[in-house]
Amino acid sequence: MASTVASLSIPATTFAAADVLPRRKAASRVWFPVARRGGFSVRSTGPATPPDISDKLSESIKEAEATCADEKGTAECAAAWDNVEEISAAASHARDNLKENSDPLEKYCKDNPETDECRIYDN
Amino acid sequence: MAAFTAHTSAATSLYSPAGTAILLRSRSRAYPTTTTIRVSCSKTVVIGVAADSGCGKSTFMRRLTSVLGGGAEPPRGGNPNSNTLVSDTATVICLDDYHSLDRAGRKAKGVTALDPRAHDFDLMYEQVRAIKEGRAVEKPVYNHVTGRLDPPELITPPEILVIKGLHSMYDERVRDLLDLSIYLDISNEVKFAWKVQRDMAERGHSLESIRASIEARKPDFDAYIEPQKQYADAVIEVLPTQLIPGPGDDEGKVLRVKLIMKEGVEHFAPVYLFDEGSTVNWIPCGRKLSCSYPGIRFAYGFGAYFGHEVSVVEMDGQFDKLDELIYVETHLSNLSTKFYGEVAQQMLKHADFPGSNNGTGLFQTIVGLKIRDLYEQIVARR
């Protein structure tokens, strides 16, 4: 129930806040700030990424870094990083899919925003 | 009197609800002879979208399918890793399915997915043409999770076919089949900011790896993908904002978005502000409308883009109230809306999508309405 109330109030504030990432506002997510430099990996796993894709992603990043350490600017290096990009995109879509299907009310409301359960009040 | 019956011919084409094949039975022979004439009552409208966001429900596709009326879902009962989205009126196919080299193959040859050598343009052309003519096809499926090509899936011709990928306008033959083409041009700074937002929570990724990934792909991107801009009928260009001075907004939250529309495209009337063919600079915030920082600035003008005449509508800044959105919509013209406030309604319906408060959402919604309008004009003509 609490999450329903929270999700009803989110759209009203999303519009007000200068926010490009409304999805990340869900209370269940832990959001680590981005300001880390110096080759650090942010230690939190994208909480919703399926583990097999997440593993593939880490492996491909290591591989790309290895390939490019030897020969930078070659076709193999480009192909390796392109691979990383492809898997990152797949991971992002997998996260979106999981998120979509996680809350049945949200799923229903997406298709039927005019029903009573899904109405959003702006005051 | 000759008898005419509708008949599905099994040999060369698969039955499609949109088209019909007519079987003529001739009475002058002793035995019934059949001649199949394929008559398409409605040809599929094909839209091409060139964007770098991979295969999946991107925000643009969601907005587009919403405008066209209905949720788009992967085909039921099919491959769960299918890249195709099907709704009542539209089918979105992802051009990654036409990879001729799978992940292992690309790695072996040292070829990125941006390289045309990794794509089978002949098959792409054949199948898009087949769908446009009303024939169903067995389209290959590229599984992004495993990186391999899966067994093909059946695609029946929809009313509107959207082909989405990096190479939608690369091949000349495919370009000729498109009724409208759209290119999403994201500038480098914004691309970096968006990829950081997308990937930073991933274990393994760091700012360096994201930056390296973008830079490694850049040469191929500039060589093969960027040139498609010149062929697009509409380009949505996303740039960093000019409203925040100095180092500005390096998180890419406030955006300047331009909608560049080619003049003279059939069934596509460019959007304009106040006075078509003039140059306008408009800040709606003032006495009638109060906006919060950094505000909103609109510009409208015309010019040349890769040698074509274009009209450009530009929005810089963010909406933070419904009033602002409706106010702006009131002053834009040629939006192809069916009722006053439709753009605002569509934006509000998806207020949780990224870009709902800036030009990306606004122009994506408007392009969606233009596509609907184009489709209705084509259908009305038949």
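In this text the structure is predicted, and so the values were computed from the model without any measurement.

Residues and elements named next belong to chain B. Contact geometry for helix α1 (residues 59-67) and helix α9 (residues 359-381): axes closest at 9 Å, N-to-C directions at 45°. The orientation of α1 with respect to α9, classified from their angle, is oblique. Remark: the crossing between α1 and α9 carries right-handed chirality. Residues Thr-59, Phe-60, Arg-63, Leu-64 and Val-67 of α1 touch α9, and the partners they reach there are Gly-361, Gln-364, Thr-365, Val-367, Gly-368, Leu-369, Ile-371 and Arg-372. A per-class count over the contact of α1 with α9 returns six nonpolar, five polar and two charged.

On the secondary structure map, Glu324(B) appears in helix α7 (residues 322-331). Not counting chain neighbours up to four residues away, the residues in contact with Glu324(B) comprise Leu289(B), Ser290(B), Cys291(B), Ser292(B), Ile296(B), Gln318(B) and Phe319(B).

Moving on to the nonpolar core. Generally speaking, soluble globular proteins have nonpolar side chains that are buried together. Residue and element names in this part refer to chain B. Ranked by internal contacts, the top residues of the largest apolar core, which has 58 residues, are Ile-47, Ile-182, Phe-298, Leu-362, Phe-363 and Ile-366. Residue contributions to this core peak at nine residues, all from α9. When neighbours within four sequence positions are excluded, Leu-362 is seen to be in contact with Phe-298, Met-315, Phe-319, Leu-325, Val-343, Met-347 and Gly-355. Within the second largest apolar cluster, 30 residues are counted, among which are Leu-114, Leu-166, Leu-178 and Val-235.

In total, this model carries 30 salt bridges over all chains according to the counting rule given. Among the ionic pairs, Asp52(B) bridges to Lys195(B), the shortest N-O distance being 3.8 Å. Taken together, the positions of Asp52(B) in the loop between β4 (45-50) and α1 and Lys195(B) in helix α5 (residues 188-199) put the pair 143 residues apart, joining distant regions of the chain. By relative accessible area, Lys195(B) is classed as buried at 9%. Linking Arg297(B) and Glu314(B) is a salt bridge whose minimum nitrogen-to-oxygen distance equals 2.8 Å. In this pair, Arg297(B) sits in strand β15 (residues 296-305) while Glu314(B) sits in strand β16 (residues 308-317), placing the two residues 17 residues apart along the sequence. A single burial state applies to Arg297(B) and to Glu314(B), both of which are buried. Connected through salt bridges with shared partners, the residues Asp82(A), Glu85(A), Asp52(B), Lys191(B), Lys195(B), Arg198(B), Asp199(B) and Arg217(B) form a single ionic network.

For the rest of this paragraph, the subject is the confidence of the model for chain B. Residues and elements named next belong to chain B. Summing up the model confidence of chain B, the mean pLDDT is 86 and the portion of residues at 70 or higher is 88%. Throughout residues 1-26 the model reports pLDDT below 50, and contacts reaching past four residues in sequence, or to other chains, amount to 49 contacts. Across the whole predicted complex the pTM is 0.79, and at the interface the ipTM reaches 0.80.

Let us look at α1(B). Residues and elements named next belong to chain B. Extensive coverage of α1 is indicated by the burial of eight of its nine residues. Those residues of α1 not exposed but buried are Phe-60, Met-61, Arg-62, Arg-63, Leu-64, Thr-65, Ser-66 and Val-67. Within two residues after α1, Gly-69 carries a phi angle of roughly 100°, on the positive side.

Let us now look at the packing of aromatic side chains. Residues and elements named next belong to chain B. Scanning the entire structure with this criterion turns up six aromatic pairs over all chains. Arranged with centres 5.7 Å apart and planes meeting at 45°, the rings of Trp-282 and Phe-298 form a pair that is tilted. With a gap of 16 residues between them, Trp-282 in strand β14 (residues 280-282) and Phe-298 in strand β15 connect regions that are remote in the sequence. In this structure Phe-298 comes out as buried when scored by relative accessible area, which is 0%. One aromatic cluster in this structure is built from Phe-274, Trp-282, Phe-298 and Tyr-327. Across from the ring centre of Phe-221, 3.8 Å away, lies the NZ or CZ of Lys-191, which sits over that ring.

What follows is about the pairing of strand β6 (residues 90-94) of chain B. Residues in a regular strand point their side chains to alternate faces of the sheet. All names here are of chain B. Counting buried residues in β6 gives five out of five residues, a clear majority hidden from the surface. Neither face of β6 is left uncovered, since the one carrying Ala-90, Val-92 and Cys-94 and the one carrying Thr-91 and Ile-93 both have all their residues buried. As defined by bridge partners, strand β5 (residues 85-86) adjoins β6 across two bridges and the pair is classed as antiparallel. Its bridge partner lying in β6, Val-86 is registered against Thr-91. Counted between consecutive antiparallel strands, the loop separating β5 from β6 contains three residues. Direction of pairing for β6 relative to strand β9 (residues 160-165): parallel, over a ladder of five bridges. Looking at β9, one finds that Cys-94 is bridged to Lys-164.

Here the focus is unusual backbone geometry. As a rule of thumb, non-glycine residues mostly have phi less than zero, and peptide bonds are mostly trans rather than cis. Residues and elements named next belong to chain B. The omega torsion across Tyr-293 and Pro-294 is -5°, close enough to zero to call that bond cis. By the secondary structure assignment, Pro-294 is in the loop between β14 and β15. The phi torsion at His-267 lies on the positive side, around 65°, for a residue other than glycine. Within the secondary structure, His-267 is located in the loop between β12 (255-262) and β13 (272-273).

About the cut-offs
Residues numbered from 1 in each chain as written. Chains lettered and ligands numbered in written order. Predicted model: local features only at pLDDT ≥ 70, side-chain atom pairs only at ≥ 80, totals over all residues. Heavy atoms only, no water. Axes fitted to C-alpha atoms, helices over the stretch in contact; angles between N-to-C directions. Helix = DSSP H or I, 4+ residues; strand = E, 2+ residues; numbered from the N terminus. Parallel < 35°, antiparallel > 145°, perpendicular 65-115°, else oblique. Left-handed = near helix turned anticlockwise from the far one by under 90°. Contact = heavy atoms within 4.5 Å. Nonpolar A, V, L, I, M, F, W, Y, C, P; charged D, E, K, R; others polar. Core = buried A, V, L, I, M, F, W, Y, C linked by side-chain atoms within 4.5 Å. Buried < 20%, exposed > 50% of the residue type's maximum accessible area, 1.4 Å probe, protein only. Salt bridge = Lys/Arg side-chain N within 4 Å of Asp/Glu carboxyl O. pLDDT = per-residue confidence, 0-100. Phe/Tyr/Trp six-rings, centres within 6.5 Å; stacked < 30°, edge-to-face > 60°. Lys NZ or Arg CZ within 6 Å of the ring centre and 35° of its normal. Pairing = 2+ DSSP bridges.

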